[in-house]
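Below, each chain spelled out in residue letters.
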Amino acid sequence: MIVNSVLQNTSVKFSHFVDMFTYPLRLSHYLELINPLWTKHSLQAKVVKVWDETKDSRTITLKPGRGWRNHRAGQHIRVGVAIDGMRHTRTYSISSAPNSKDGLITITVKAIPEGRASHYLVRKLKKGEYLPIGDPQGDFVIPDAIPVHPLFITAGSGITPIMSMLRNYSQEFRVLPDIQHIHYAPHAYDVIFGKELENLNKNQKNYNLNRIYTREFKGNDSGLQEANPNNIADKRSQNLHFHADQLEALCPDWREREVWACGPATLLDAVEEHWEKAGLSRKLHTERFRAKLIDTPTDEISSGQIKFSKSNVDTNSDGVTNILRVAEDAGLNPKHGCRMGICHGCDCKLVSGSVRDLRTGVVTNEPGETIQICVSASIGNIEVEI
Ligand code: FES
């Protein structure tokens, strides 16, 4: 311990000493040229493996560099992707369990339609590349005092933070605690981590997985479970998406369970509504991929021109698309982080005109006011300090 701390102090003093001669750059900037994982000024990760999970999703194994602090199961990280000279930042859940012996982590990415960064990561990213990453963040985690009866509700790539939790459980316990899991996917072959989930279901008596294939009437083409084991959906308007009767049949004690749900907005909206009606919202934890937006009445939408004053670029806006996306489509690269209205990494000044917050509908029209461009759309002509 003492030796370690002496070495650490010596290395800090040495790097400060060298920084005096490399000013205005720091030693860390030169180290980046040799090995990006050695830098201190920005956290980087090396891609050590890519693995295609399904036709449109991929697990990327990363070796984070200096400064990485371990994550908690269920947390996410920001990942930077350079495409055609522009840096795009996206947020992805970590799918691996914390505290891996080899120091590696995984993220699992699904290519979404028109998703520039996700397409790059799923289709083009190569082993050996480096990606800038952020610290692990988020409170979609299981508290240290482990709940006795978790219910997981997931769909599509919403499985990723839950997979980290399941892997964490598997590392910690020989026998998993009582877990109910409902997972939705269009078809059996779309289930990310399908084999691993199936094995857990087979080998862990307390883990009960219900897979629901929303586009298969009777999906049993790969040995996976029937689309709906109780045929409830078949009898009732063939609705295979989340609904009250289905939940009651698959998990009759849902009221007693602490719930973690992750997936597309339609699923989470339905789940939130259901738990709210039951007066049990306090038991529900949700993780969204995108901000929850409200529907703007059509007669309030006003297209127009956006002037990006610092860049001297003018472009058209449909009055619905967020300003960050409009700027990127115009070839600009505004700073940003989560793209969900959480981190304020995209804050910038409104010079003139009005913008609407797409989550709340609140209109801002004060010149000089700070706006979050990832969740704001223009109303008519505006000017923004970008
Ligand atoms: S990018 Fe995080 S709030 Fe806009």
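Everything below is about the structure shown above.
My aim in this report is to walk through the structure given alongside it, one point at a time. Everything numeric in this text was worked out from a predicted model, so none of it was measured. Counting of residues starts from 1 at the beginning of each chain's written sequence and follows it residue by residue. Local features in this predicted model are restricted to residues of pLDDT 70 or higher, and side-chain atom pairs are both shown and tallied only at a pLDDT of 80 or more, whereas totals for entire chains, interfaces and linings draw on every residue. Water and hydrogen atoms were dropped before computing side-chain values, which therefore reflect all heavy atoms in the structure.

**A look at the overall build of the chain**
Here comes step 1: Of regular secondary structure, the chain possesses 9 helices and 17 strands.
Here comes step 2: By the burial criterion, 49% of the 386 residues in the chain qualify as buried.
Here comes step 3: Here the Shrake-Rupley method, with its probe set to 1.4 Å, supplies the accessible areas, and only the displayed protein chains count as covering residues. Surface exposure of the chain reaches about 19,700 Å², of which carbon and sulfur atoms provide 51%. Helix and strand assignments come from DSSP, with helices taken as H or I runs of at least 4 residues and strands as E runs of at least 2, each series counted from the N terminus. When accessible area is computed with a 1.4 Å probe and restricted to protein chains, residues below 20% of their type maximum are described as buried, those above 50% as exposed, and intermediate ones as partly exposed.

**Side note on the sheet that holds strand β6 (residues 130-132)**
Note: strands within a sheet are paired through backbone hydrogen bonds, in either parallel or antiparallel orientation.
Here comes step 1: Strand pairing is assigned whenever DSSP detects at least two bridges linking the two strands. In space, the 4 strands of this open sheet follow the order β5-β2-β1-β6, with antiparallel pairing throughout. Where the open sheet ends on each side, the last strands, each with one partner, are β5 (105-110) and β6. Averaged over neighbouring strand pairs, the angle between their axes works out to 40 degrees when direction is ignored.
Here comes step 2: Bridging between strand β1 (residues 44-54) and strand β2 (residues 57-64) involves 8 bridges; their strand directions are antiparallel. In the strand pairing of β2, Lys49 is matched with Thr61.
Here comes step 3: Working rule for contacts: check all heavy atoms of both residues, and any pair within 4.5 Å makes them a contact. A fitted line through C-alpha atoms serves as each axis, taken over the contacting stretch for helices, and the angle formed by two N-to-C directions is quoted from 0 to 180°. Packed on one face of the sheet, helix α3 (residues 116-124) meets β1, β2, β5 and β6 and runs near 85 degrees to β2.

**Here's the deal with the packing of aromatic side chains**
Here comes step 1: The aromatic pairing rule takes the rings of Phe, Tyr and Trp, using the six-membered ring of Trp, and pairs them if the centres are within 6.5 Å, calling planes under 30 degrees apart stacked, those over 60 edge-to-face and the rest tilted. As enumerated under the stated definition, the model contains 4 aromatic pairs in all.
Here comes step 2: Ring plane angle 65 degrees and centroid distance 6.3 Å describe the contact between Phe152 and Trp260, whose orientation is recorded as edge-to-face. Taken together, the residues span a long stretch of sequence, with Phe152 in strand β7 (residues 150-155) and Trp260 in strand β10 (residues 258-262) at a distance of 108 residues.
Here comes step 3: Among the residues examined, Phe152 registers a relative accessible area of 0% and is labelled buried.

**Notes on helix α5 (residues 194-203)**
Here comes step 1: Of the positions making up α5, those classed as buried are Gly194, Leu197, Glu198 and Leu200. Around the axis of α5, the buried residues are gathered within 160 degrees of arc, so they sit on the same side. The outward face of α5, more than 90 degrees from its buried face, is lined by the exposed residues Lys195, Lys202 and Asn203.
Here comes step 2: Taken together, the buried residues of α5 touch α4 (159-172), β8 (179-185) and β9 (207-213). By arc we mean the arc of the directions from the helix axis to the C-beta atoms, nothing more.

**A closer look at the pattern of salt bridges**
Here comes step 1: Salt bridges, as used here, are contacts in which a Lys or Arg side-chain nitrogen is within 4 Å of a carboxyl oxygen on Asp or Glu. Going through the model one piece at a time under the given rule, you end up with 20 salt bridges.
Here comes step 2: Lys195 is the partner of Glu198 in a salt bridge, and the nearest nitrogen-oxygen pair spans 3.5 Å. Of this pair, Glu198 and Lys195 are both found in helix α5, 3 residues apart, which corresponds to roughly one turn of the helix.
Here comes step 3: With a relative accessible area of 11%, Glu198 lands in the buried category.
Here comes step 4: Residue classification places Lys195 among the exposed residues on the basis of a relative accessible area of 55%.
Here comes step 5: For Arg288, the salt bridge is made with Glu272, and the minimal N-O distance between the two is 3.0 Å. Residue Arg288 is found in the loop between β11 (284-287) and β12 (304-308), and its partner Glu272 is found in helix α8 (residues 265-277); the two are separated by 16 residues along the sequence.
Here comes step 6: Among the ionic contacts, a cluster of salt bridges with common partners joins Arg116, Arg325, Glu328, Asp329 and Arg339.

**Points about the environment of Lys292**
Here comes step 1: The topology assignment puts Lys292 in the loop between β11 and β12.
Here comes step 2: Judged by its relative accessible area of 43%, Lys292 falls in the partly exposed class.
Here comes step 3: The spatial distance from the C-alpha of Lys292 to the C-alpha of Arg359 is 6.0 Å, given a sequence separation of 67 residues.
Here comes step 4: With residues near it in sequence (within four places) discarded, Lys292 still touches Asp269, Glu272 and Arg359.

**As for the pairing of β7**
Here comes step 1: The buried fraction of β7 amounts to 6 of the 6 residues, a majority that puts the element mostly inside the structure.
Here comes step 2: Burial along β7 is two-sided: the residues Pro150, Phe152 and Thr154 and Leu151, Ile153 and Ala155 are all buried.
Here comes step 3: In terms of strand pairing, β7 meets β10 through 5 bridges, oriented parallel. When the sheet's bridge partners are listed, Thr154 is paired in β10 with Cys262.

**Re the sheet that holds β11**
Here comes step 1: The 5 strands are arranged β9-β8-β7-β10-β11 in an open sheet whose pairing can be described as parallel. Unpaired on one side and paired on the other, β9 and β11 mark the two borders of the sheet. Between one strand axis and the next, the sheet turns by 15 degrees as a mean value, whatever way the strands run.
Here comes step 2: Examined bridge by bridge, β10 and β11 share 4 bridges and lie parallel to one another. Note that in β11 the partner of Val259 across the bridge is Leu284.
Here comes step 3: Packing of α4 onto the sheet brings it into contact with β7, β8, β9 and β10, and relative to β7 it is tilted by some 140 degrees.
Here comes step 4: Along the sheet face, α5 touches β8 and β9 and points at about 140 degrees away from the line of β9.

**So, the side chain of Arg288**
Here comes step 1: Here Arg288 falls in the buried class, since its relative accessible area comes to 15%.
Here comes step 2: At 2.8 Å, the side chain of Arg288 forms a polar contact with the side chain of Asp269.
Here comes step 3: Polar contacts, as used here, are pairs of N or O atoms within 3.5 Å; protein pairs need one atom able to donate a hydrogen and one able to accept it. Residues neighboring in sequence count only if both atoms are side-chain atoms. Side-chain polar atoms of Arg288 contact the side chain of Glu272, separated by 3.0 Å.
Here comes step 4: Once residues within four sequence positions are removed from consideration, Arg288 is found in contact with Ala265, Leu268, Asp269, Glu272 and Met340.

**Describing unusual backbone geometry**
Here comes step 1: Phi angles above zero are rare outside glycine, and Arg339 is one such case at about 60 degrees.
Here comes step 2: Relative to the helices and strands, Arg339 is located in the loop between α9 (323-329) and β14 (347-357).
Here comes step 3: A positive phi angle, close to 65 degrees, is found at His344, a residue other than glycine.
Here comes step 4: On the secondary structure map, His344 appears in the loop between α9 and β14.
Here comes step 5: Taking relative accessible area as the criterion, His344 reaches 45% and is therefore assigned partly exposed.

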